[in-house]
Amino acid sequence: MHDHRIRLRYLGDTLDLLFPGTGSPRPYTVLPHPYLPRRLAPRRWWHPGPRVMLPAEGSIGDHLGEVFGTPIELVVHVRPARRANRKPVLEAYSAGARLAYVKIGDSERARALVANEAAVLSRLADRPLKSVVAPSVLYHGTWRGLGVLALSPLPARRGRVPEPLLVRAVKEIAATGDGAWHGDLAPWNIAPAADGRLLVWDWERYATGVPHGFDAMHHFFQRALRRMDPPTAARACLAQALRVLAPYGLSAAQARRTALLYLVALADRHATDGHEPLGPPQRWLSPLVDHEEPIL
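Residues numbered from 1 in each chain as written. Predicted model: local features only at pLDDT ≥ 70, side-chain atom pairs only at ≥ 80, totals over all residues. Heavy atoms only, no water.

Points about the side chain of asparagine 189
- Along the chain, the position of asparagine 189 falls in the loop between α3 (163–174) and β11 (190–192).
- From its side chain, asparagine 189 meets the backbone oxygen of aspartate 184 in a polar contact 2.9 Å long.
- In contact with asparagine 189, other than residues within four places in its own chain, are Asp184, Leu199, Val200, Trp201 and Asp202. (Helix = DSSP H or I, 4+ residues; strand = E, 2+ residues; numbered from the N terminus. Polar contact = N/O pair within 3.5 Å; in protein donor to acceptor, adjacent residues only side chain to side chain. Contact = heavy atoms within 4.5 Å.)

Observations concerning the nonpolar core
- Counting residues in each nonpolar core, the largest one holds 53 residues, and the members touching the most others are Trp203, Met217, Phe221, Leu245, Tyr262, Leu263 and Trp284.
- Here this core gets seven residues from one element, more than from any other, and that element is helix α7 (residues 252–273).
- In this structure leucine 245 touches Gly213, Ala216, Met217, Leu250, Ala255 and Thr258, once residues within four positions along its chain are discounted.
- If you look at the next biggest cluster of nonpolar residues, it comprises 14 residues, including Leu74, Tyr139, Val148 and Ala150. (Core = buried A, V, L, I, M, F, W, Y, C linked by side-chain atoms within 4.5 Å. Buried < 20%, exposed > 50% of the residue type's maximum accessible area, 1.4 Å probe, protein only.)

Structural notes on the packing of helix α4 (residues 214–224) against helix α5 (residues 230–239)
- For the pair α4 and α5, the least separation of the axes is 9 Å and the interaxial angle reads 145°. The interaxial crossing formed by α4 with α5 has right-handed handedness. Between α4, through Met217, Phe220, Phe221 and Ala224, and α5, the contact on the second element is made entirely by Pro230, Ala233, Ala234, Ala236 and Cys237.
- Grouping the constituent residues of the contact of α4 with α5 by class yields nine nonpolar, no polar and no charged. (Axes fitted to C-alpha atoms, helices over the stretch in contact; angles between N-to-C directions. Left-handed = near helix turned anticlockwise from the far one by under 90°. Nonpolar A, V, L, I, M, F, W, Y, C, P; charged D, E, K, R; others polar.)

Side note on the packing of aromatic side chains
- Under the counting rule described, the total for this entry stands at six aromatic pairs.
- Ring centres 5.3 Å apart and planes at 75° place the aromatic pair tryptophan 181 and phenylalanine 214 in the edge-to-face group. On the criterion of sequence distance, the pair formed by tryptophan 181 in the loop between α3 and β11 and phenylalanine 214 in helix α4 is long-range, its members being 33 residues apart.
- With a relative accessible area of 7%, tryptophan 181 lands in the buried category. (Phe/Tyr/Trp six-rings, centres within 6.5 Å; stacked < 30°, edge-to-face > 60°.)

Comments concerning the pattern of salt bridges
- Counted under the stated rule, the structure contains eight salt bridges.
- Between lysine 87 and glutamate 204 there is a salt bridge whose closest N-O contact spans 3.2 Å. Residue lysine 87 is located in the loop between β5 (73–78) and β6 (89–94), and its partner glutamate 204 is located in the loop between β12 (198–200) and α4; the two are separated by 117 residues in the primary sequence.
- For aspartate 273, the salt bridge is made with arginine 205, and the minimal N-O distance between the two is 2.7 Å. Residue aspartate 273 is found in helix α7, and its partner arginine 205 is found in the loop between β12 and α4; the two are separated by 68 residues along the sequence. We note that aspartate 273, like arginine 205, is buried. (Salt bridge = Lys/Arg side-chain N within 4 Å of Asp/Glu carboxyl O.)

Some thoughts on the confidence of the model for the protein chain
- Confidence in the prediction for the protein chain averages 83 pLDDT; 77% of positions are at 70 or higher.
- This stretch, residues 1–6, has a pLDDT under 50; its non-local contacts, to residues over four places away or in other chains, come to 25 contacts.
- This model gives residues 8–56 a pLDDT under 50, and the stretch forms 101 contacts once residues within four places in sequence are excluded. (pLDDT = per-residue confidence, 0-100.)

Here it is as structure tokens:
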């Protein structure tokens, strides 16, 4: 019986965890572990969650090996648990070559998001996108009650996204459905491709039925949050709404209303997730909405 190795990558550092082979099936665990996210195991008493065993046989690596028909080595990306829907993300390798990124839906909310991304990407695969490149679904299934979504890796590279490319991408995504938006078109979810298109991943928040321009406002707001506190960034969204949304044909009044509706939708998302990464909306949103309520 062979040893099983799982590699954990934490904020750029890599840890190798070796699960020794044994003559009979025997589970080994390194959990709870301070480098693992709370969705995998509790690290402290205030981080509740189920204890997860990583067995030497019947592991997620074995499952993915059966899916891909080849032995799999895993790199587990773990970060501090700052979001209610934070989920483990694996890199699956075979013979040193990256085969897939694998999302694990380890909570009811995370499983729903993983399932939504799988459905969206499967549908987009049938559309002739010209400006946007999305991952392909290589596998979507379950393992021990957890949702598993394996996606093709995109050839991401560092680089600034030109504004005209971002505008084309937002318009193309909007055209994929009735008032569609990617839902999380943040700077860390996009990258320019060598062929002039936009690489876009993390489609789990994709939805339809929203005002045109939500993706553009989300991109602006997430960039603003890197330099400003949430109340200031929210005010910047309103102040810069026309500049951000004019390329999409919105008037000044339409742009301001769209910016406000976007911020309200984002606060509603956080409420649904049971998490307030920007703090209570009474601090960063309510003063803005109360002042602009007549245009909503």
